[in-house]
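Structural overview for review
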Number of protein chains: 2
Amino acid sequence: MRILLDVMGGDLPSRELVKGGIAAGRRRGVDVVFAGDAHEIESAFSDAGVHAGGQFDLLPCTETITMDDPPVKAVREKKDSSLVLGLSALKDGTVDAFVSPGNTGAVVAGSIFIVDRIPGIPRPGILASLPTLTGEDILVIDVGANSDCTPEQLDHFALMGASYARDVLGIDEPTTGLLNIGAERGKGNRLIADTFTQLEAGPLAFAGNVEAHHLLIDRPVDVVVCDGFVGNVFLKAVEGGISAVTSLLKRTIRGRVLAMAGALLMSGSFARVRKSLSYRKRGGAPLLGVNGVVVIAHGRSDAVAIESAIDVACREVEVGLIDRLSQGMSGWGDHGS
Amino acid sequence: MRILLDVMGGDLPSRELVKGGIAAGRRRGVDVVFAGDAHEIESAFSDAGVHAGGQFDLLPCTETITMDDPPVKAVREKKDSSLVLGLSALKDGTVDAFVSPGNTGAVVAGSIFIVDRIPGIPRPGILASLPTLTGEDILVIDVGANSDCTPEQLDHFALMGASYARDVLGIDEPTTGLLNIGAERGKGNRLIADTFTQLEAGPLAFAGNVEAHHLLIDRPVDVVVCDGFVGNVFLKAVEGGISAVTSLLKRTIRGRVLAMAGALLMSGSFARVRKSLSYRKRGGAPLLGVNGVVVIAHGRSDAVAIESAIDVACREVEVGLIDRLSQGMSGWGDHGS
C-alpha cells in the first residue's frame, strides 16, 4: 500500500508533517510518498535517517496552495502544487490514497476535477468522526464540502456514511438520523422535510430526526446526516462550547491557591478528558464520493494528527471502500442518479 | 407595568412558575397576571401569602397547549388556553408584556396571528443572549422561529438585533456579523452570500462573517445573524459541547480519591464556571418583530429562570422597544417591505 501525503498547505512546517508520515509508515508497514518542497522533505528525511526511494519517497513540487487561495482557481492554476500533483498520482493509480492538511475547498475541488466522482454521486461529502460519552464515536456527514444541498445529496451522504460505518468500522446494521431542530417529524426546514421522506422510503435503518445537544452525550445513531453548512456550524459550535468551558475553568483557577492545588490533584482526570475529546488524535476526515481514497486532515495537524489521518486512509484502502461504495450505490437500493 | 405570565405548558408545575413570577413582581414592583389553571394558581398564591386582585392577579383558563401540540393547529383550536388568552390580553393592551415557557412554535404562531407583526417585518425572530469569556453577552438572532429564510428576513433580524443591543443594552454603535463557515467573503451558502451583499449596503456597522467557534471566546461582534435552523443547531451544539465536557469530567473523577479531593478544592471554581455559562439565569429570549413584548422562556424554566425572563420583558417595556423597532425599520434605512 502506498499513501501520498501532501506536506504543504497545512499550518505547521512540512518537517513536522513528514515526521508523522514516517511514524505512520513504519508502524503500519506502508509506503509513504511526500509531496512538497524537495529541499524541506530531504532535510526532514535526513533528520529521521531515511533515504528517499524505498519505503519513503518524495514527489517534488514548486507551488503551494495556501489556506486563503480560492479553491477552484488554485486547482486550475497551480499545476505544480503538492495538491494537484498528489491527486494526479491518485488518479493514475501510482498511490492508493491521498492525505492532506491543506485548504479543504481546494482538496474537494481538486478531487472532483482530477480524481472524479463515483458514478451516481454528483457531490462528495466530508465525514467527521466525533468522540461521545458512550465511548463510541459518532459519524457526521457532510461537515463542509457542500453549502447548498438537495435531498438527493443528503440521501447519498446517508448511504455513504452507513457504508463507512459498516465496511470500515464493522457496525452491522448502522442506523442513520437527520440533524434537525426538533425530534418530531415535520420540524425543521424544507430540505430536512423532503430528505426525511426520502430516507424513510430508502433501504437504510433510518431513525428519524436527531438534535445537536444529544449527539455527543447519547450517540442516538451511528451516522448523522446534514448539509455541509449546518454540519460545519455544528462542529465549530461544539468546539466553541468545549473551549469556552475549559478556558473558563483555567481562568477561574488561576491565582486561587486551593483551586490550583485541586487542579493539580485532578490533573490526571483533566488529561483523560482531553484525550477522550481530542480532535488531534482523530486527524482525518474522509472525503466520500470521489473515486479514490482522499482524507482531509485538520489544517493545524501536527505529526500525531497526520499519523492518525494516514491510519484513516489505510483502513479505507484495506477494506476496499471505494469498490464497496460504487457497488453500494446500486446494491443498497435505487439510489444512483 | 403589567406582565402576563403563562404558567401552563412549561416542563415544571405551574406552582414553581408562579413562585418566580411573584419574586420578580415583588423585586421590580411590577404587576404580574398569571394565566393558567385557577385552582393551581390560587393554591400557589396562598402558599406565598398573596391575594388575587392587587399586584398579582390571575387569568383562569381551561385548556393547555403542550410541547407536542402542532403550533398552528393548537393556536387555532385551543381558544381557552393560557397562551391564546395571554396573547389576546397583550393585543388588547390590558398587559404590557407576555412571558411563556411553553411550546416555542405555538408562541411564535400565536404572536403572529393574535398580536400581529410590526409593519414592515413579515417574520419575527427569536433573540438569544449567550455568555462569553469576555464577560459580555453576545446576541444571536434567529435561534428558531424560522427554518427557511430569505436575505430580507436576515436583514430584518440584523436591524432588530442591533436595535435591541442599542436600545435595551445601551451599546452605542452595535456591530453585526453573519454566522458563516469561513471568515472570507464568498464562503458559505447562497443565503449567506446574498445577505452579505445586503448587509454591506445597509445602515448597520457590519463586520462580515463570523465563525461558530469564536463566538463564545472572542465575542467578535455584538449581534450574530443567522437563519433559525442554523441558529438553533448552533445553540444546541454549544450546549452539547459544554455538557459533554462537564459530564466527562464528573465521570472521570468518580472513584479516584485524589481527583475527588481535587474536585472538592476546586468546587468554588466549578460553581463560578457554571454560573458564568448558566442558561438558567438567562431565562428569556425576546421574540422580536411582533407588535408587543413577547419573551420565550426555556421549557425547563424554574422559578429563577422565570424571574429572569420577566426581567427581560420589563427592560423591553421600559425602553419602549416596540416603538423604537417600528421607527427603526424606517429610521435606520429603507428596510421596510
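Residues numbered from 1 in each chain as written. Chains lettered and ligands numbered in written order. Predicted model: local features only at pLDDT ≥ 70, side-chain atom pairs only at ≥ 80, totals over all residues.

Moving on, we get to the overall build of chain A. Scanning chain A for helices and strands turns up 13 helices and 11 strands. Burial analysis of chain A (337 residues in total) assigns 57% to the buried set. Expressed as a percentage of contacts within chain A between residues at least 6 apart in sequence, the contacts between residues at least 24 apart total 73%. (Helix = DSSP H or I, 4+ residues; strand = E, 2+ residues; numbered from the N terminus. Buried ≥ 20, exposed ≤ 12 C-beta atoms within 10 Å, placed from the backbone. Contact = placed C-beta atoms within 7 Å.)

All names here are of chain B. Between helix α6 (residues 151-167) and helix α7 (residues 190-201), whose axes approach to 9 Å, the crossing angle comes to 55°. Here α7 runs oblique to α6, going by the angle between their axes. With respect to the hand of their crossing, α6 and α7 are arranged in right-handed fashion. Along its contact with α6, which presents Pro151, Leu154, Asp155 and Ala158, the element α7 presents Leu191, Asp194, Thr195, Gln198 and Leu199. (Axes fitted to C-alpha atoms, helices over the stretch in contact; angles between N-to-C directions. Parallel < 35°, antiparallel > 145°, perpendicular 65-115°, else oblique. Left-handed = near helix turned anticlockwise from the far one by under 90°.)

Cis geometry marks the peptide bond from isoleucine 141 of chain A to aspartate 142 of chain A, where omega comes out at 10°. Note on placement: aspartate 142 of chain A falls in the loop between β6 (138-141) and α6 (151-167). Its identity is not glycine, yet aspartate 116 of chain B carries a phi of approximately 70°, on the positive side. Mapping aspartate 116 of chain B onto the fold places it in the loop between α5 (104-115) and β5 (125-130).

The subject of this paragraph is the domain arrangement of chain A. Reports often express the size of an interface as the amount of accessible area lost when the parts come together. All names here are of chain A. Partitioning chain A into domains gives domain 1 (1-121 + 289-337) and domain 2 (123-281). Taken together, the 25 residues of domain 1 in the interface contact 20 residues of domain 2. A class-by-class count of the residues in the side of domain 1 that touches domain 2 yields 12 nonpolar, nine polar and four charged. (Domains from an automatic or database assignment. Nonpolar A, V, L, I, M, F, W, Y, C, P; charged D, E, K, R; others polar.)

This brings us to the sheet that holds strand β2 (residues 31-36) of chain B. All names here are of chain B. Pairing in this open sheet of 11 strands is mixed, and the strands run β3-β2-β1-β4-β11-β10-β5-β6-β9-β7-β8 from one edge to the other. Among the strands making up the open sheet, the edge pair consists of β3 (56-60) and β8 (205-211). Adjacent strand axes in the sheet meet at a mean angle of 25° when their direction is disregarded. In this structure, strand β6 (residues 138-141) lies alongside strand β9 (residues 223-225), joined through three bridges in parallel fashion. Paired with valine 140 across the bridge in β9 is valine 224. Helix α1 (residues 14-28) rests against β1 (2-6), β2 and β3 of the sheet, and its axis sits at about 170° to β2. (Pairing = 2+ DSSP bridges.)

Here we come to the nonpolar core. If you look at the biggest cluster of nonpolar residues, it comprises 222 residues, and the most contacted ones within it are Phe234 of chain A together with Phe234 of chain B. Not counting the four nearest positions on each side in its chain, phenylalanine 234 of chain A is found in contact with Val140, Leu179, Ala212 and Cys226 of chain A together with Val233 and Ala237 of chain B. (Core = buried A, V, L, I, M, F, W, Y, C linked by C-beta atoms within 7 Å.)

Another aspect to go through is the confidence of the model for chain A. Residues and elements named next belong to chain A. Predicted confidence across chain A gives a mean pLDDT of 91, with 88% of residues reaching 70 or more. Confidence drops under pLDDT 50 across residues 333-337; counting only partners more than four residues distant or on other chains, this segment forms 13 contacts. Scoring of the predicted complex yields 0.91 for pTM and 0.90 for ipTM. (pLDDT = per-residue confidence, 0-100.)

What follows is about the packing of helix α1 (residues 14-28) of chain A against helix α12 (residues 303-318) of chain A. All names here are of chain A. With their axes 7 Å apart at the nearest point, α1 and α12 run at an angle of 45° to one another. What the angle tells us is that α1 and α12 run oblique. Considering how the two elements wind past one another, α1 and α12 form a crossing that is right-handed. Of the residues in α12, those in contact with Glu16, Leu17, Lys19, Gly20, Gly21, Ala23, Ala24 and Arg28 of α1 are Ala303, Val304, Ile306, Glu307, Ile310, Asp311 and Cys314. Taken together, the residues of the contact of α1 with α12 sort by class into eight nonpolar, two polar and five charged.

Let's shift gears to helix α5 (residues 104-115) of chain A. Residue and element names in this part refer to chain A. For α5, which comprises 12 residues, the first-to-last C-alpha distance of 15 Å matches the rise-based estimate of 16 Å (1.5 Å per residue) to within 8%. Those residues of α5 that sit buried are Thr104, Gly105, Ala106, Val107, Val108, Ala109, Gly110, Ser111, Ile112, Ile114 and Val115. Looking at the buried side of α5, the elements it contacts are α3 (71-77), α4 (82-92), β4 (97-100), β10 (284-288) and β11 (293-297). Taken from the residues just after α5, aspartate 116 is the one with a positive phi, measuring 70°. (Expected span 1.5 Å × (residues − 1).)

Here we come to the sheet that holds β10 of chain A. Residues and elements named next belong to chain A. Read across the sheet, 11 strands follow the order β3-β2-β1-β4-β11-β10-β5-β6-β9-β7-β8 without closing on themselves; strand pairing throughout is mixed. Only two strands of the sheet have a single neighbouring strand rather than two, namely β3 (56-60) and β8 (205-211). Here the strands of the sheet are splayed against their neighbours by 25° on average, with no regard to which way each runs. Bridging between strand β1 (residues 2-6) and β4 involves three bridges; their strand directions are parallel. Paired with leucine 4 across the bridge in β4 is phenylalanine 98. Against the sheet, α1 engages β1, β2 (31-36) and β3, with an angle of about 170° to β2. In this fold α6 packs onto β5 (125-130), β6, β7 (175-180), β9 (223-225) and β10, with an angle of close to 165° to the strand it touches most, β9.

Here the focus is the pairing of β3 of chain B. Residue and element names in this part refer to chain B. Here β2 pairs with β3 via five bridges, running parallel. Bridge pairing links valine 32 to phenylalanine 56 in β3. The β-α-β motif built from β2, the intervening helix α2 (residues 38-48) and the parallel element β3 has right-handed crossover chirality. (Right-handed = clockwise from strand over helix to strand, strands pointing away.)

Okay, the pairing of strand β7 (residues 175-180) of chain B next. Residue and element names in this part refer to chain B. The element β7 is largely enclosed, with a buried count of five among its six residues. Across five bridges, the pairing between β7 and β8 is parallel. Across the sheet, threonine 175 pairs through a bridge with alanine 205, a residue of β8. In this region the chain leaves β7, passes through α7 and returns to the parallel neighbour β8; the handedness of that crossover is right-handed. Strand direction decides the pairing type here: β7 and β9, joined by three bridges, are parallel. The residue bridging threonine 176 from the neighbouring strand is valine 223, located in β9.

Another aspect to go through is the environment of valine 108 of chain B. Residue and element names in this part refer to chain B. Following the sequence through the fold, valine 108 ends up in helix α5. Exposure remark for valine 108: the 26 C-beta atoms within 10 Å place this residue in the buried category. For valine 108 and valine 290, which are 182 residues apart along the polypeptide, the C-alpha to C-alpha distance reads 8.9 Å. When near neighbours in sequence (up to four residues on either side) are disregarded, valine 108 contacts Pro71, Pro124, Ala145 and Leu287.

Inspection of the secondary structure assignment puts glutamate 184 of chain A in the loop between β7 and α7 (190-201). In this structure glutamate 184 of chain A comes out as exposed when scored by C-beta crowding, with 12 C-beta atoms within 10 Å.

Because the α-helix completes a turn every 3.6 residues, residues three or four places apart line up on one side. Residues and elements named next belong to chain A. Between the first and last C-alpha of α1 there are 21 Å, a value that for 15 residues agrees with the 21 Å anticipated at 1.5 Å per step. All of the buried residues in α1 are Ser14, Leu17, Val18, Lys19, Gly20, Gly21, Ile22, Ala24 and Gly25. The inward-facing, buried residues of α1 contact β1, β2, α2 (38-48), β3 and α12. Remark: glycine 29 follows α1 within two positions and exhibits a positive phi of approximately 65°.

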